[in-house]
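Structure assessment
Residues per chain are reported as follows:
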Amino acid sequence: MFSFSKTAGVLGIDIGTANVKAVQVRKSAGKTILERYGLVNVIYPTESQAKFDAVKQTAEILGQLYEKAGFTTKKVSLSVPSNVAFVSVLNFPPMPEKEMQKSVEYQAKKYIPLPISEVNIGWQILEETLLKSPHKDAIPEIKVLLTAVPRNVINNYLRVMELVGFEVAALEIESLSLIRSLVDAEAKDGILIIDIGAKSTILSYVHQGHLMATRHLTIGGDSITSSIANSMGISFERAEQMKRAVLAPNVVSPAAQISRNVVELIRSEVQQFMRMTENESNGIARIILTGGGSKMPGLAEKFSALGPKVEFGNPLAKLNFPPELENKLVMLAPQLSVACGLALRQE
Ligand SMILES: Nc1ncnc2c1ncn2[C@@H]1O[C@H](COP(=O)(O)OP(=O)(O)OP(=O)(O)O)[C@@H](O)[C@H]1O
Ligand SMILES: [Mg+2]
């Protein structure tokens, strides 16, 4: 007998340091329909607070979000922050897939600064290319993306999900979720995705649709808010309001100046990362901005000076949704990129 379970569909969950985001989709007639979404601001106690149990607290937050947003599926895809993962692109000569598994594990030992038994390794073949040599004929070469996430990190996420009663269908690093939601399947050019979150900024270098390198910066939207709060002697909440009110790029005010300084810091880190990608491959043709911090006014102009065309990512582009959700969704879209990418996974 066929049963059209009420729990069909998948929930993409992005546990950020400032906001937990979740997006529920359902597949229907070849389309992916965004049915419900939710975002909740999280204020974790400082780590020094003795009784703080991050796993329990996160599970409670997710349980509340589940009820509030009216989600109906318990099948979830999760992201882990790119800064806890090790990401490398390795080159191999052509070989059968079975041998590749052994070779990747062998090579992984050289690249991952933890015992292999303590990490969960994932790999995928990116492309087969011909390596040009000035002395010999072109040598075939296989590029492989290696990702490794410490098992204790994965176990913590799994404990949270078990407490909420979720069934985990997939777990991946957030750069891969971002590519799925923000990059066209046909894109061949070099792309830099800049996800400006609360505590961090993640740079993901994408070539021919594949992740080639990541970098994690410990600067984000909250760095601006904290600097404004500290230098003006005001609360974080008041500073957050001031930050968002810095509308025009040429506004002269202490808050505006602090914002510009922090953005400048991010920009110079981006510039360094771009130089590295130029040395290693074809460089970057486009920059895609996303994350809550990308809502800072004047950001696109700042990054335009780096050369590549700058655009804002649209994680809703591959999704269908009821028109009544549109206004709110569009406003929140920059913060939903990871959750949308997770929900778009084909299981
Ligand atoms: N309208 C806005 N203008 C400026 N900044 C904004 C705006 N809306 C949100 N932000 C900033 O976005 C940040 C939160 O973004 P986001 O939800 O993407 O973070 P997160 O995913 O929880 O953090 P992280 O990825 O670092 O763990 C905060 O620093 C917040 O101040
Ligand atoms: Mg984030």
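Structure's up top.
The model shown is predicted, which means the values in this text are computed figures rather than measured ones. (Residues numbered from 1 in each chain as written. Chains lettered and ligands numbered in written order. Predicted model: local features only at pLDDT ≥ 70, side-chain atom pairs only at ≥ 80, totals over all residues. Heavy atoms only, no water.)

1. A word on the sheet that holds strand S13 (residues 309-312)
Taken in spatial order, the five strands make up an open sheet running S11-S10-S9-S12-S13, and their pairing is mixed. Whereas interior strands pair on both sides, the edge strands pair on one side only; in this sheet they are strand S11 (210-217) and S13. Direction aside, the axes of adjacent strands within the sheet are offset by 20° on average. Inspection of the sheet shows strand S9 (residues 190-196) paired to strand S12 (residues 286-290) by five bridges, in the parallel sense. (Pairing = 2+ DSSP bridges. Helix = DSSP H or I, 4+ residues; strand = E, 2+ residues; numbered from the N terminus. Axes fitted to C-alpha atoms, helices over the stretch in contact; angles between N-to-C directions.)

2. Focus: the environment of arginine 26
Considering the arrangement of structural elements, one finds arginine 26 in strand S2 (residues 19-28). On the basis of relative accessibility, which here comes to 33%, the residue arginine 26 falls in the partly exposed class. Each C-alpha atom, one on arginine 26 and one on valine 153, is 29 Å from the other, the two residues being 127 residues apart in sequence. Once you skip the residues sitting within four places of it in the chain, arginine 26 turns out to touch Gly9, Lys31, Thr32, Ile33 and Glu35. Within the local environment of arginine 26, its side chain forms a polar contact with the side chain of glutamate 35, the two groups lying 2.6 Å apart. (Buried < 20%, exposed > 50% of the residue type's maximum accessible area, 1.4 Å probe, protein only. Contact = heavy atoms within 4.5 Å. Polar contact = N/O pair within 3.5 Å; in protein donor to acceptor, adjacent residues only side chain to side chain.)

3. Quick notes on the side chain of histidine 207
Position of histidine 207 among the secondary structure elements: in strand S10 (residues 201-207). Ignoring sequence-local partners within four residues, the contact set of histidine 207 consists of Lys188, Asp189, Gly190, Met212 and Asn282.

4. Description of the packing of aromatic side chains
For any pair of aromatic rings, geometry is given as the distance between the ring centres together with the angle between the planes. Enumeration over the complete set of coordinates arrives at two aromatic pairs. Relative to phenylalanine 166, the ring of tyrosine 66 has its centre 5.5 Å away and its plane inclined at 45°; by these criteria the two rings are tilted. Of this pair, tyrosine 66 sits in helix H1 (residues 54-69) while phenylalanine 166 sits in the loop between helix H3 (151-164) and strand S8 (167-173), placing them 100 residues apart in sequence. Each member of the pair tyrosine 66 and phenylalanine 166 is classed as buried. (Phe/Tyr/Trp six-rings, centres within 6.5 Å; stacked < 30°, edge-to-face > 60°.)

5. Considerations on the site of ligand 1
The immediate surroundings of ligand 1 are formed by 20 residues, with Thr17, Lys21, Asp222, Glu240 and Lys243 found nearest. Take threonine 17: an N or O atom from its main chain is 2.8 Å from an oxygen atom of ligand 1. Glycine 292 is positioned with one of its backbone polar atoms (N or O) 2.9 Å from an oxygen atom of ligand 1. Against a free-state accessible area of 650 Å², the protein chains account for coverage of 90% of ligand 1. At the level of elements, S2, helix H5 (221-232) and helix H6 (236-245) are the ones that each hand at least two residues to the shell around ligand 1. In terms of residue count, H6 provides more of the shell around ligand 1 than any other element does, three residues in total. Among the residues making up the shell around ligand 1, the classes are represented as three nonpolar, 10 polar and seven charged. (Near = heavy atom within 4 Å. Areas by Shrake-Rupley, 256 points an atom, 1.4 Å probe, with all protein chains shown as cover. Nonpolar A, V, L, I, M, F, W, Y, C, P; charged D, E, K, R; others polar.)

6. So, empty space enclosed by the protein
Where empty space is left becomes clear once a probe the size of a water molecule has been rolled over the atoms. Enumeration over the complete set of coordinates arrives at one cavity of 30 Å³ or more. Put simply, the largest cavity is a space of about 30 Å³. Contributing to the lining of the largest cavity are Ile196, Ile224, Val263, Ile266, Gly293, Met296 and Leu299. Classifying every residue of the lining of the largest cavity gives six nonpolar, one polar and no charged. (1 Å grid on protein atoms, 1.4 Å probe; cavity = no way out; pocket = protein on both sides within 12 Å on 5 of 7 lines; lining within 4 Å. Points joined across faces, edges and corners; volume = space filled by probe spheres on them.)

7. Focus on the pairing of strand S3 (residues 31-41)
On a regular strand, each side chain points to the face opposite its neighbour's, so the side chains alternate between the two faces of the sheet. As judged from the 10 bridges shared by S2 and S3, these two strands associate in the antiparallel manner. Bridge pairing in S3 places alanine 22 opposite glycine 38.

8. Overview of H6
Residues Ala239, Glu240 and Lys243 constitute the buried set of H6. Taken end-on, H6 shows its buried residues confined to a sector of 105°, consistent with a single buried face. Of the exposed residues in H6, the ones pointing more than 90 degrees away from its buried face are Glu237, Gln241 and Ala245. (Arc of directions from axis to C-beta.)

9. Observations regarding the sheet that holds S3
Spatially, S3-S2-S1-S4-S8 is the arrangement adopted by the five strands of the open sheet, whose pairing is mixed. Every other strand in the sheet has two partners, leaving S3 and S8 as the edge strands with one partner each. Sheet twist, expressed as the mean angle between neighbouring strand axes with direction ignored, is 20°. The sheet strands contacting helix H4 (residues 174-182) are strand S1 (10-15), strand S4 (75-80) and S8, and the helix crosses S8 at an angle near 90°. Contacting S1, S2, S3, S4 and S8, helix H9 (residues 326-343) crosses the sheet at an angle of about 75° to S2.

10. Let's talk about the environment of glutamate 237
Within the fold, glutamate 237 resides in helix H6. For glutamate 237, a relative accessible area of 56% gives the class exposed. Spatially, the C-alpha atoms of glutamate 237 and threonine 225 are 8.3 Å apart, while their sequence positions differ by 12 residues.

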